[in-house]
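Here are the chains, one letter per residue:
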Amino acid sequence: MMTRQANTQRDAVAWAQFWEDEGSDAHVVNSEADAQALRAAWRPFLEGGLSSGGRCRILDVACGNAVVAEQAVSIAAEHGGAQHAICCDYSEAAVRAAVRRLDGASVSGIVADAARLPVPDQSLDIVVSQYGVEYAGATAFAELARVVAPGGAVQAIVHRVGGVIDRRCQDDEALLLATLDSGVFKSFMTLLKIRHKAAQAGLEPAAAKPASARFARSVERVETARDAAGLGAARSHVARLLTDLGRVATNPLAYRLDEMEQWVEGQRHALRGFANRMQSMSRAARDEGQVAILADFFREGGLSGVSVASFDPAHHRLSAGWILRGHR
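Counting starts from 1 at the beginning of each chain's written sequence and moves along it residue by residue. A pLDDT threshold of at least 70 governs which residues receive local features in this predicted model, and a stricter bar of 80 or more applies before side-chain atom pairs are shown or counted, although totals over entire chains, interfaces and linings include all residues. Hydrogens and water molecules were not included; the side-chain quantities draw on all heavy atoms of the structure.

**A short note on the environment of G109**
Part 1 of the argument: Put simply, DSSP H or I for four residues or longer makes a helix, DSSP E for two residues or longer makes a strand, and each gets a number counted from the N terminus. Checked against the element boundaries, G109 lands in strand β3 (residues 107–111).
Part 2 of the argument: Along the primary structure G109 and A98 are separated by 11 residues, whereas in three dimensions their C-alpha atoms are 7.8 Å apart.
Part 3 of the argument: Contact definition: two residues touch when any of their heavy atoms are within 4.5 Å. G109 has contacts with C87, V95 and V99, leaving out every residue within four places of it along the chain.

Structural data, given as structure tokens:
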């Protein structure tokens, strides 16, 4: 069993890969309906903190692609207020992308662990986090409280055990691991090597038929797992992979063997990273008792009006998370 420290390190590597690839596979928000629900959940909180029209200092913790900071800056501009947004994430690539996203606004970036924010006490007016700070552990919520200035407020939307995102992550993880365990990559490369070796000798490979059958059976195993999976990002990822494998297997001599070996290893690496990210999202999810502990960190940090609410977008049958709030 992996230790918490080992899990944290593995998660950090997996998410760094994700942002270095510019967030190329599985986002938490998978539809415009999800995005609209999140914007609606943030707007009353941001309106309340930004409607005065004065100067406002905003911190987006575990910012990812900084959609919350972007919405905050937009709302502040609606009210004629000056603002400075700080985008903070463990991933340097995510911070770079966030600063680019807010290009033209007053924005800066910080690469830091959310549990150890390099920010002075009570120095920020609006502190936000969307599906991010919980990855850093419960004590990170004490950090959020610590940096809230007098008159300021904090809101975090966090993953929920058994919620729609948690279920989606578990489905995606199961499909990704089933693909890795299916033997599809091994049988694919075996078929290619037999065909290439026979072509070099000018022969029709007798072993190609059983190798082709083994590859077809491994593809069927992946297809069965794909068809049983939910409609998450992994399903479309695996579907594209099967299309690519089938195209090469149909005409293997059109591709260099060494390039295919490198490509297969890259695909394995991508699937493992994707599965690790899904695992980390599930580990970050909190149940009702655990989210109450997070709220206690807000109270112990001197915040008032601390509340926990269920985040239940109308278009989902299950809850999508928890909303934690507090103010100083």
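**Some remarks on the pairing of strand β2 (residues 83–89)**
Part 1 of the argument: Of all 7 residues making up β2, 6 are buried, and the element is well covered by its neighbours.
Part 2 of the argument: By the bridge criterion, 6 bridges tie strand β1 (residues 56–61) to β2 in an arrangement that is parallel. The partner of V61 across the bridge, within β2, is C88.
Part 3 of the argument: Only strands joined by at least two bridges in the DSSP assignment are considered to pair. Across 5 bridges, the pairing between β2 and β3 is parallel. Residue pairing for β3: D89 is matched across the bridge by V111. To sort residues, take the accessible area from a 1.4 Å probe on protein chains only and compare it with the maximum for the residue type: under 20% means buried, over 50% means exposed, and anything in between is partly exposed.

**As for the pattern of salt bridges**
Part 1 of the argument: Put simply, a salt bridge is a Lys or Arg side-chain nitrogen that is within 4 Å of an Asp or Glu carboxyl oxygen. One pass over the structure, following the stated rule, counts 17 salt bridges.
Part 2 of the argument: E70 is the salt-bridge partner of R101, the closest N and O atoms lying 3.0 Å from each other. Taken as a pair, R101 in helix α4 (residues 92–101) and E70 in helix α3 (residues 67–78) lie far apart in primary sequence, 31 residues in all.
Part 3 of the argument: Two residues, R256 and D258, come together in a salt bridge whose shortest N-O distance is 2.7 Å.
Part 4 of the argument: Overall, the relative accessible area of 51% leaves R256 in the exposed class.
Part 5 of the argument: For D258, a relative accessible area of 33% gives the class partly exposed.
Part 6 of the argument: Linked by salt bridges that have partners in common, R43, E47 and E78 make up one network.

**Let's talk about the packing of aromatic side chains**
Part 1 of the argument: We call Phe, Tyr and Trp rings a pair once their centres come within 6.5 Å, taking the six-membered ring for Trp, and we label the pair stacked below 30 degrees between planes, edge-to-face above 60, and tilted otherwise. Per the counting criterion, the structure on display carries 4 aromatic pairs.
Part 2 of the argument: Ring geometry for F188 versus F215: centroids 5.8 Å apart, planes at 50 degrees, classification tilted. Of this pair, F188 sits in helix α7 (residues 184–201) while F215 sits in helix α8 (residues 208–228), and the two are 27 residues apart along the sequence.
Part 3 of the argument: Ring pairs connect the aromatic residues F188, F215 and W263, which therefore count as one cluster.

**Structural notes on the sheet that holds β2**
Strand pairing in a sheet relies on backbone hydrogen bonds, with the paired strands running either antiparallel or parallel.
Part 1 of the argument: Pairing in this open sheet of 7 strands is mixed, and the strands run β3-β2-β1-β4-β5-β7-β6 from one edge to the other. Only two strands of the sheet have a single partner each, and these edge strands are β3 and β6 (304–311). On average, adjacent strands in this sheet sit at an angle of 15 degrees to one another, irrespective of strand direction.
Part 2 of the argument: Along the sheet, helix α2 (residues 32–50) makes contact with β1, β4 (124–130), β5 (148–158), β6 and β7 (321–327), crossing β4 at roughly 170 degrees.
Part 3 of the argument: Only the stretch in contact is used when a helix axis is fitted, and all axes are lines through C-alpha atoms; the angle between N-to-C directions ranges over 0 to 180 degrees. This element, helix α11 (residues 288–300), spans β5, β6 and β7 of the sheet and lies at about 15 degrees to β7.

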